Amino acid sequence: APLLTVSEADQDYAHKMFRKLGMDSNPRYILLHVRNNLDPNSLRNSKLEPYKKLVELAWDNGIYTIFIGDQSLNENIFSTCPGFINYQLNQIKNERLTIALFGLCTGMVSTTSGPMHLASLFGKRIVWTNACGLSKFAYIQNCSIVPKKWYRLNRKKSGVKVNSLVTFSEMKQKPKVFFNE
């Protein structure tokens, strides 16, 4: 059973607010959280472009995608995607609705970040993409993992040479000699 649930009053409130977001009053939707800030050294960041196909597939199946998180989202990537809602820049965004979104969603797709833990507390299915540091988050229930690509390094005096992809078993360990794509 989930640790958290959405109260009946908050469900009613959320259903009213869904209409203001341009959805049905009781829609099917997933939450999408992608860390894409400009820090090139952060292992948790990811490009947004690969998620466009996800948004399109969700809509083909009658499921909205609500983007939460990074406010620097380049909306041009998703501008042709029906069913996509950038909640972060929406005027109706508020704490009460944000929590209800987690509790009422169909599931969540997320890079490594705090919001995926909130979805987990509501017992929601999570697809954890661009996953790094697998051993730290092995406890998340209802979670499917799509790991970040890690490569072995061979250090030579002249620089770094990429050898091969790191295995899933190796990824579960703390990477000391790997780098990411």
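Above this text you will find the structure in question.
Rules used in this analysis
- Each chain has its residues counted from 1, following the order in which its sequence is written.
- Residues qualify for local features only when their pLDDT is at least 70, as the model is predicted, and side-chain atom pairs are given and counted only at 80 or more; totals for whole chains, interfaces and linings, by contrast, use all residues.
- To get the side-chain values, take all heavy atoms of the structure and skip hydrogens and water.
- Exposure is judged per residue with a 1.4 Å probe applied to protein chains only, and the accessible area is read against the type maximum: over 50% gives exposed, under 20% gives buried, and values in between give partly exposed.
- To qualify as a helix, a DSSP run of H or I must reach at least 4 residues; to qualify as a strand, a run of E must reach at least 2; elements of each kind are numbered from the N terminus.
- By definition, two strands form a pair when at least two bridges between them are found by DSSP.
- Axis lines are fitted to C-alpha atoms, over the contacting stretch for helices. Their N-to-C directions set the angle, which ranges from 0 to 180 degrees.
- Reported orientations rely on four angle classes, namely roughly parallel under 35 degrees, roughly antiparallel over 145, roughly perpendicular from 65 to 115, and oblique for the rest.
- Contacts: residue pairs with any heavy atoms within 4.5 Å of one another.
- All amino acids are sorted into three groups, where Ala, Val, Leu, Ile, Met, Phe, Trp, Tyr, Cys and Pro are nonpolar, Asp, Glu, Lys and Arg are charged, and the leftover types, Gly among them, are polar.
- A positive count includes Lys and Arg, and a negative count includes Asp and Glu. His and the chain ends are not counted in either.
- Should a side-chain nitrogen of Lys or Arg be within 4 Å of a carboxyl oxygen of Asp or Glu, the pair is scored as a salt bridge.
- For the purposes of this section, nonpolar cores are sets of buried Ala, Val, Leu, Ile, Met, Phe, Trp, Tyr and Cys residues that join through side-chain atoms within 4.5 Å.
- Ring pairs are drawn from Phe, Tyr and Trp, using the six-membered ring of Trp, whenever the two centres fall within 6.5 Å, and their geometry is named by plane angle: stacked under 30 degrees, edge-to-face over 60, tilted for the rest.
- Two limits define a charge over a ring: the Lys NZ or Arg CZ must be within 6 Å of the ring centre, and within 35 degrees of the ring normal.
- Every helix has an expected span of 1.5 Å times one less than the residues it contains.

Participant: Describe the pairing of strand β2 (residues 64-67), with residues and values.
Facilitator: Judged by which residues are buried, β2 turns out to be covered on both faces: Y64 and I66 on one side and T65 and F67 on the other are all buried. Direction of pairing for strand β1 (residues 29-33) relative to β2: parallel, over a ladder of four bridges. Following the sheet pairing, Y29 is matched in β2 by Y64. In this structure, β2 lies alongside strand β3 (residues 84-86), joined through three bridges in parallel fashion. Counterpart to I66 in the pairing with β3 is I85.

Participant: I'd like a rundown of the packing of helix α1 (residues 8-20) against helix α3 (residues 95-104), residues and numbers included.
Facilitator: Close contact between α1 and α3 brings their axes to 9 Å; oriented N to C, the two are set at 100 degrees. With respect to their mutual orientation, α1 and α3 come out roughly perpendicular. Residues A9, D10, Q11, Y13, A14, M17 and F18 of α1 pack against R96, L97, A100, L101 and L104 of α3. Taken together, the residues of the contact of α1 with α3 sort by class into nine nonpolar, one polar and two charged.

Participant: Kindly report on the side chain of K124, identifying the contributing residues and their values.
Facilitator: With respect to the helices, strands and loops of the structure, K124 is situated in the loop between α4 (115-121) and β5 (125-131). Of the buried charged residues, K124 lacks a salt bridge, with D10 as the closest side chain of opposite charge at 14 Å. Beyond its immediate chain neighbours, meaning those up to four positions away, K124 contacts F102, G103, L104, C105, A119, Q141 and N142.

Participant: With reference to specific residues and values, describe the nonpolar core.
Facilitator: If you look at the biggest cluster of nonpolar residues, it comprises 29 residues, and the most contacted ones within it are Y29, L31, I66, L97, L101 and F102. For this core, the secondary structure elements donating two or more residues are α1, β1, β2, α3, α4 and β5. L101 has contacts with F18, Y29, L31, I66 and Y87, leaving out every residue within four places of it along the chain.

Participant: Pulling in residues and values, what's your account of the packing of aromatic side chains?
Facilitator: Applying the stated criterion to the full structure yields four aromatic pairs. The interplanar angle of 65 degrees and the centroid separation of 5.5 Å between the aromatic rings of F18 and Y29 together place this pair among those described as edge-to-face. Note that F18 is positioned in helix α1 and Y29 in strand β1, a separation of 11 residues in sequence. Both residues of the pair, F18 and Y29, count as buried. Cluster of aromatic residues (ring-pair linked, three or more members): F67, F78 and F84. Positioned over the ring face of Y13 is R96, at 4.3 Å from the centre of the ring.

Participant: Lay out α1 in plain terms, naming residues and giving numbers.
Facilitator: For α1, spanning 13 residues, the distance from its first C-alpha to its last is 19 Å, which sits close to the expected 18 Å at 1.5 Å a residue. Taken together, the buried positions of α1 are Y13, A14, H15, M17 and F18. G22 lies just past α1 and shows a positive phi near 90 degrees.

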